[in-house]
Amino acid sequence: MFFVAGAKNAGGSGGGGERRSIYQKFRDVDILDKKKTVTALRPGEDRAIFLGLGMILSSVMMYFVLGITILRSYADSVWTEEGVCVVVNSTVTADMNCSYNCGSDCWRVSKYPCLQVFVSVNNTSRVSRLSHNEEMQDISSECFYVPRCQKDSVALHVIIMNISERLKVHQQVPCFYDPSEQQDTVLLTRLYDHSVVFHSLLWPSCMLTGGALIIVMVKLTQYLSRLCEEIVKIKR
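Definitions and limits used
- Residues numbered from 1 in each chain as written.
- Predicted model: local features only at pLDDT ≥ 70, side-chain atom pairs only at ≥ 80, totals over all residues.
- Heavy atoms only, no water.
- Helix = DSSP H or I, 4+ residues; strand = E, 2+ residues; numbered from the N terminus.
- Expected span 1.5 Å × (residues − 1).
- Bend = angle between axes of the 7 residues up to and from the residue.
- Buried < 20%, exposed > 50% of the residue type's maximum accessible area, 1.4 Å probe, protein only.
- Patch = residues over 30% accessible without salt bridge, like charges linked within 9 Å, V, L, I, M, F, W, Y side chains within 5 Å.
- Areas by Shrake-Rupley, 256 points an atom, 1.4 Å probe, with all protein chains shown as cover.
- Salt bridge = Lys/Arg side-chain N within 4 Å of Asp/Glu carboxyl O.
- Disulfide = S-S within 2.5 Å.
- Core = buried A, V, L, I, M, F, W, Y, C linked by side-chain atoms within 4.5 Å.
- Contact = heavy atoms within 4.5 Å.
- Pairing = 2+ DSSP bridges.

1. What about helix α5 (residues 194–235)?
Phase 1: Look at α5: 59 Å from first C-alpha to last across 42 residues, which is about the 62 Å you get at 1.5 Å a residue.
Phase 2: Within α5, the axis deviates most sharply at leucine 202, by approximately 30°, and proline proline 204 lies no more than four positions further along.
Phase 3: Those residues of α5 not exposed but buried are Val197, Ser200, Pro204, Gly211, Ile215, Val218 and Gln222.

2. Quick look at a nonpolar patch on the surface
Phase 1: Together, Met217, Leu220, Tyr223, Leu224, Leu227 and Ile231 line one region of the surface with nonpolar side chains, adding up to about 540 Å² of accessible area.
Phase 2: Of note, leucine 227 is situated in helix α5.

3. Examining the state of the cysteines
Phase 1: Enumeration according to the criterion identifies three disulfides in this entry.
Phase 2: Note that cysteine 85 is cross-linked by a disulfide to cysteine 175, the S-S spacing being 1.9 Å. Linking cysteine 85 and cysteine 175, the disulfide has an S-S dihedral of approximately 80° and is accordingly described as right-handed. A residue pair is termed long-range when its members are at least 10 positions apart, and cysteine 85 in strand β1 (residues 81–103) and cysteine 175 in strand β4 (residues 172–177) qualify at 90 residues.
Phase 3: On the accessibility criterion, cysteine 85 (0% relative accessible area) is buried.

4. A few points about the nonpolar core
Phase 1: Within the largest apolar cluster, 16 residues are counted, with the highest numbers of intra-cluster contacts made by Cys85, Leu115, Val117, Val119, Leu130, Phe144 and Val186.
Phase 2: Contributions of two or more residues to this core are made by β1, β2 (106–121), α4 (153–169) and β4.
Phase 3: Top element by residues in this core is β2. It accounts for four residues.
Phase 4: Discounting chain neighbours no more than four positions away, the residues touching leucine 130 are Val117, Val119, Phe144, Cys175, Val186, Leu187 and Leu188.

5. A short note on the environment of serine 99
Phase 1: Inspection of the secondary structure assignment puts serine 99 in strand β1.
Phase 2: Residue classification places serine 99 among the partly exposed positions, given a relative accessible area of 45%.
Phase 3: The spatial distance from the C-alpha of serine 99 to the C-alpha of cysteine 149 is 6.3 Å, given a sequence separation of 50 residues.
Phase 4: In this structure, serine 99 is in contact with Trp107, Arg108, Val109 and Cys149, ignoring residues within four places of it in sequence.

6. A short note on the pairing of β1
Looking down a regular strand, the side chains alternate between one sheet face and the other.
Phase 1: Sheet analysis places β1 next to β4, joined by six bridges and oriented antiparallel. Looking across to β4, one finds that cysteine 85 is bridged to valine 173.
Phase 2: Summarising the sheet, β1 and β2 pair through 15 bridges and their orientation is antiparallel. Across the sheet, the residue bridging to aspartate 95 is proline 113, located in β2.
Phase 3: Remark: two residues form the turn of the hairpin made by β1 and β2, two consecutive strands paired antiparallel; aspartate 105 in that turn has positive phi of roughly 55°.

Structure, rendered in structure tokens:
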């Protein structure tokens, strides 16, 4: 009986040791897989954070460029109020000289007709000269529109006459004026209005938001991963 019991005990202890060794192997494999997963996730997380930081930096640079170009021109413009202008007089006064490039260090002179347009702002007695936009106002303080200079002066004449005919057909046009009345000139259109500013700021804002979301998601994933590891340790 003693030998039989000893044999059973030896067999039981051997089976238990074998089971423990198999369990240890599975546990080692599980730990190794977890280490491989963590090692594989870290480079991906780093790349995602660098991508988010790059997007944020690019958006800040775009904000800077827009701030010194479009936003400054929009803020400096005095033609802020929109109204309705009634064309009072539209006449071609004289031919104006312009120069065009004909090659390397070559400039020649051409001519275009100067169209002067006077309007009444909001059906009042105030009569102002109408200009196409801020750029045309800076180029010429007399003419409504200055076409791009070219050799064919007849084509320039046709462009100006077409504009004159359109203004005769459409007597009432939307316009922008200076509410402080420091500027006598009113504008037909603005280079940088509300819609232009909105669309110019839309893309850098989307890029900034996307970069911030990427960083937040990576940090949230890291936090949840550490939380899961702590929960597993507590259960063990």
